[in-house]
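Structural features, examined
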Amino acid sequence: MERHKWTGSQLAMKMDVSRMEVSRLLRGKRVGGKKCIGGLIKAFPDADINDLFFWD
C-alpha cells in the first residue's frame, strides 16, 4: 500500500472486498479467506507471493 500510496479504501476497491475487511486484515483481526487471497493477488499481480503472505 505504501509503495503505491493507496489508502485502505483504494486497496479494498482493487481487491474487490469491503473497506472493513481490509481494515480487519491490516489490524490482524481477521485471517484472509479465498476472496481476500484472490483479491491480494488481483491488486498486486506482479508481486512475489512471498511478499504478499507470511508462511508458518
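Further up the page is the structure itself.
These figures come from a predicted structure and were not determined experimentally. (Residues numbered from 1 in each chain as written. Predicted model: local features only at pLDDT ≥ 70, side-chain atom pairs only at ≥ 80, totals over all residues. Heavy atoms only, no water.)

Another point: the overall build of the protein. Counting its secondary structure elements, the protein contains four helices and zero strands. For the protein, the succession of helices and strands along the chain, N to C, is α-α-α-α. For 56 residues, the compact-globule formula gives about 10 Å, and the C-alpha radius of gyration of the protein, at 11 Å, lands near that figure. Here the C-alpha coordinates of the protein stretch approximately 25 × 25 × 20 Å along the principal axes. Across the 56 residues in the protein, those meeting the buried criterion constitute 23%. Long-range contacts, defined here as pairs at least 24 residues apart, represent 33% of the contacts in the protein between residues at least 6 apart. (Helix = DSSP H or I, 4+ residues; strand = E, 2+ residues; numbered from the N terminus. Rg over C-alpha atoms; globule rule 2.2 N^0.38 Å. Buried < 20%, exposed > 50% of the residue type's maximum accessible area, 1.4 Å probe, protein only. Contact = heavy atoms within 4.5 Å.)

Let us now look at the packing of aromatic side chains. Counted according to the given criterion, the structure contains one aromatic pair. With centroids separated by 5.1 Å and ring planes inclined at 35°, the aromatic side chains of tryptophan 6 and phenylalanine 44 adopt a geometry described as tilted. Pair noted here: tryptophan 6 is in the segment before α1 (8-15) and phenylalanine 44 is in the loop between α3 (34-43) and α4 (49-52), with a separation of 38 residues, a long-range link. Its relative accessible area of 16% is what places tryptophan 6 among the buried residues. (Phe/Tyr/Trp six-rings, centres within 6.5 Å; stacked < 30°, edge-to-face > 60°.)

Time to look at the packing of α1 against helix α2 (residues 19-26). Put simply, α1 and α2 touch, their axes get as near as 8 Å, and they point 110° apart. Comparing their axes, α2 and α1 come out roughly perpendicular. As for how α1 packs across α2, the hand of that crossing is right-handed. From α1, Gly8, Ser9, Leu11, Ala12 and Met15 reach across to α2, where they touch Arg19, Val22 and Leu25. (Axes fitted to C-alpha atoms, helices over the stretch in contact; angles between N-to-C directions. Parallel < 35°, antiparallel > 145°, perpendicular 65-115°, else oblique. Left-handed = near helix turned anticlockwise from the far one by under 90°.)

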